[in-house]
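So you can see what is in the structure, the chains are spelled out below.
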Amino acid sequence: MTRVLVTGGAGYVGSHTVRHLLGAGHDVVILDDLSTGHAESVPHGTPLLRVDLRDAQAVRAGLDGQRFDAVMHFAARSLVGESMQKPYEYLRDNFGGALNLIEWCSQHGVQRFVLSSTANLFGNAGQEPIAETDEIAPGSPYGESKFLIERALSWAERVHGLRYACLRYFNAAGALEDGSIGEHHDPETHLIPIVLQVALGQRERVSVFGDDYPTRDGTCIRDYIHVSDLAAAHLAAIERLEDRSVALNLGNGAGFSVLEVLETARKVTGHPIPHVLGERRPGDPATLVACSDQARKLLDWTPKYDLDAIISHAWAWHSKHPSGFR
């Protein structure tokens, strides 16, 4: 049994990963300041440390006397658009908080560190599918903050021997299969929950930003990966990567256009889900699809869920919890 600290464990991907860790018999402690996470997503009996990672003294006090074999770091400000408006806040908060955590790990004998990283490291990548060897050119201050954390981890390994896995995932989506926890952001910026809010009557329509991209139907194509598949990859990372550090892409390897997502959601929900065409958004690449061959090989990991399952599980969550965790 591994004792794992999960920062941001009350957030979207973090809370699903906590369920997978517990299901595999690991001992879990959650650290979250609940600024965007939800206490309601924390499983009964799982310790929750309410700590702000940006405060180094609070980190030391909150973790005083604790021992962990591994750390999974999800806690971050994660709105790409907002990071373009508040670049210094994102760089300072995400990198500074992670640095406090990495320093604590280096000083207290933590052996493994798994970072929730991002495909935004690749910016407007021109080559598809995107491989780990492609040029790093972050598309936003949010992406830049994650790259800085990756670089800090490389130094922590070189100086202190801290092994790490940077998991760069694409479009996280879906919910736990039983509908007990799922995606709840405020504001909501992700396509699939926005589409399902239209099906629930909480929005009038979906805005489709551009239909003149060089894709099969003119709308942007993205690689949607089920949140439980992401959680499974994080679990595999701490169980299989004890002797090496890696940076891996996580995606289905198949892209779906905005219109294809809409059509699948109409089929799953039985609702018409009207949409309106808008102008392109600056900086939106036509296609972002992952090459996850290295993750499949090194983690012995294969995504289980296709787009139908992703939307079906998300719909089970949203229809049972139309106001999210409120």
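Everything that follows concerns the structure shown earlier in this document.
Residues numbered from 1 in each chain as written. Predicted model: local features only at pLDDT ≥ 70, side-chain atom pairs only at ≥ 80, totals over all residues. Heavy atoms only, no water.

J.: I keep staring at the overall build of the chain and nothing clicks. Help me out?
T.: Helix and strand counts for the chain come out as ten helices and 14 strands. Against the 2.2 N^0.38 benchmark of 20 Å for 326 residues, the chain shows a C-alpha radius of gyration of 19 Å, consistent with a compact globule. With respect to the three principal axes, the spread of C-alpha positions in the chain is 55 × 40 × 40 Å. Every one of the 326 residues in the chain was classed for burial, and the buried ones make up 55%. Here the contacts in the chain between residues at least 6 apart in sequence split such that 78% fall between residues at least 24 apart. Positive and negative side-chain charges of the chain, numbering 30 and 41 respectively, have mean locations separated by a distance of 2 Å. (Helix = DSSP H or I, 4+ residues; strand = E, 2+ residues; numbered from the N terminus. Rg over C-alpha atoms; globule rule 2.2 N^0.38 Å. Buried < 20%, exposed > 50% of the residue type's maximum accessible area, 1.4 Å probe, protein only. Contact = heavy atoms within 4.5 Å. Lys, Arg positive; Asp, Glu negative; His and termini not counted. Charge placed at Lys NZ, Arg CZ, Asp CG, Glu CD.)

J.: What is the right way to look at the sheet that holds strand β2 (residues 27-31) in this model?
T.: Strand pairs in the sheet, formed through backbone hydrogen bonds, run parallel or antiparallel to each other. Taken in spatial order, the seven strands make up an open sheet running β3-β2-β1-β4-β5-β6-β11, and their pairing is parallel. For this open sheet the edge positions go to β3 (48-49) and β11 (246-250), each flanked by a neighbour on one side alone. Of the strand pairs in this sheet, strand β5 (residues 112-118) and strand β6 (residues 163-169) are connected by seven bridges, and their pairing is parallel. Residue pairing across strands places Thr 118 opposite Tyr 169, the latter belonging to β6. In this fold helix α5 (residues 141-160) packs onto β5 and β6, with an angle of close to 160 degrees to the strand it touches most, β5. (Pairing = 2+ DSSP bridges. Axes fitted to C-alpha atoms, helices over the stretch in contact; angles between N-to-C directions.)

J.: Would you mind showing me how to read the sheet that holds strand β12 (residues 256-257) here?
T.: Across the sheet, which stays open at both edges, the three strands sit in the order β12-β9-β14 with mixed pairing between neighbours. This sheet does not close on itself; its edge strands, each paired only once, are β12 and β14 (287-288). Here strand β9 (residues 221-222) runs beside β12; their pairing, made up of two bridges, is antiparallel. Within the sheet, the bridge partner assigned to Ile 221 lies in β12 and is Ser 257.

J.: How should I be thinking about the pairing of β5 in this particular structure?
T.: As a general feature of sheets, a regular strand has side chains that alternate between the two faces. Counting buried residues along β5, seven of its seven residues qualify, which places the element largely inside the surrounding structure. Here β5 shows no split at all, with Arg 112, Val 114, Ser 116 and Thr 118 on one side and Phe 113, Leu 115 and Ser 117 on the other all buried. Direction of pairing for strand β4 (residues 70-73) relative to β5: parallel, over a ladder of four bridges. Considered in β5, the bridge of Met 72 is made with Val 114.

J.: I keep staring at helix α4 (residues 87-107) and nothing clicks. Help me out?
T.: One turn of the α-helix equals 3.6 residues, which is why residues spaced by three or four share an orientation. Taking 1.5 Å per residue, 21 residues should reach 30 Å; α4 reaches 30 Å between its end C-alpha atoms and fits that length. Among all positions of α4, only Pro 87, Tyr 90, Asp 93, Asn 94, Gly 97, Ala 98, Asn 100, Leu 101, Ile 102, Trp 104 and Cys 105 are buried. Buried residues along α4 sit against β1 (3-7), α2 (56-62), β4, α3 (80-85), β5 and α5. Backbone geometry just downstream of α4 places Gly 109 in the positive-phi region, at approximately 75 degrees. (Expected span 1.5 Å × (residues − 1).)

J.: Sorry if this is basic, but what is going on with the packing of aromatic side chains here?
T.: Two measures describe an aromatic ring pair: the distance that separates the ring centres and the angle between the ring planes. Under the definition given, this model contains two aromatic pairs. Between Trp 317 and Phe 325 the ring centres are 4.9 Å apart and the planes differ by 45 degrees, which places this aromatic pair in the tilted class. No difference in accessibility class separates Trp 317 from Phe 325, as the two residues are buried. Against the face of Trp 155 rests Arg 158, its NZ or CZ located 4.0 Å from the ring centre. A cation sits over an aromatic face here: Arg 280 above Tyr 213, 3.9 Å from the ring centre. (Phe/Tyr/Trp six-rings, centres within 6.5 Å; stacked < 30°, edge-to-face > 60°. Lys NZ or Arg CZ within 6 Å of the ring centre and 35° of its normal.)

J.: I would appreciate a short explanation of the nonpolar core in the present structure.
T.: In a soluble, globular protein the nonpolar side chains are often hidden away together inside. Core analysis: the biggest nonpolar cluster contains 35 residues, and Val 6, Val 13, Leu 21, Met 72, Leu 250 and Leu 299 have the highest contact counts within it. Those elements that place two or more of their residues in this core are β1, α1 (12-23), β2, β4, β6, α7 (227-240), β11 and α9 (293-299). A total of seven residues in this core trace back to one element, the largest contributor, which is α7. Apart from residues lying up to four places away in sequence, Met 72 is in contact with Val 4, Leu 5, Val 6, Thr 7, Thr 17, Leu 21, Val 114, His 234, Leu 235 and Ile 238. (Core = buried A, V, L, I, M, F, W, Y, C linked by side-chain atoms within 4.5 Å.)

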